[in-house]
Amino acid sequence: MCQSSRGGALTEDTAAGTSDEDAVLLFVGGPLDGRVQIREARHGEPLPTITHVHLHGGPKVVHRYDLQSLAGRAGVYHLRPTVHSPQQSGTAAE
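Below is a summary of the structure that appears in this document.

1. Some words on the nonpolar core
Right, so step 1: By size, the foremost hydrophobic cluster in this structure holds 7 residues: A23, L25, F27, L32, I50, Y65 and Y77.
Right, so step 2: Here this core gets 3 residues from one element, more than from any other, and that element is strand β1 (residues 23-28).

Have a look at this one:
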């Protein structure tokens, strides 16, 4: 069973509380993998990119998700591949 962003499991009751104008969004990859979000129509169209920042005892971890629209009011946010800069890998550009 998938988790909704509203804090509970996505059930038929949750789905019944949505309108035809609401968007159903699925996250694939990274820390949000498997999460389902119902974006109410009053909030407008889903954003083309979502940034998720995880703060913990170590360094800040940033993940970006890019939207792939599907038929109707659905979409999938795919984890953007990580691109390492020369500074991150420890090599200097000459």
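2. As for the pairing of β1
Right, so step 1: Going residue by residue along β1, you find A23, L25 and F27 tucked away on one face and V24, L26 and V28 left uncovered on the opposite face.
Right, so step 2: In terms of strand pairing, β1 meets strand β2 (residues 36-39) through 4 bridges, oriented antiparallel. Paired with L26 across the two strands is V36, which belongs to β2.
Right, so step 3: The pairing of β1 with strand β5 (residues 74-79) spans 5 bridges and is classified as parallel. Paired with L26 across the bridge in β5 is V76.

3. What about a nonpolar patch on the surface?
Right, so step 1: Together, V53, L55 and V62 line one region of the surface with nonpolar side chains, adding up to about 260 Å² of accessible area.
Right, so step 2: Mapped onto the secondary structure, L55 falls in the loop between β3 (49-54) and β4 (61-69).
Right, so step 3: Look at L55 and you get exposed, because its relative accessible area is 64%.

What counts as what
- Residues numbered from 1 in each chain as written.
- Predicted model: local features only at pLDDT ≥ 70, side-chain atom pairs only at ≥ 80, totals over all residues.
- Heavy atoms only, no water.
- Core = buried A, V, L, I, M, F, W, Y, C linked by side-chain atoms within 4.5 Å.
- Buried < 20%, exposed > 50% of the residue type's maximum accessible area, 1.4 Å probe, protein only.
- Helix = DSSP H or I, 4+ residues; strand = E, 2+ residues; numbered from the N terminus.
- Pairing = 2+ DSSP bridges.
- Patch = residues over 30% accessible without salt bridge, like charges linked within 9 Å, V, L, I, M, F, W, Y side chains within 5 Å.
- Areas by Shrake-Rupley, 256 points an atom, 1.4 Å probe, with all protein chains shown as cover.
- Salt bridge = Lys/Arg side-chain N within 4 Å of Asp/Glu carboxyl O.

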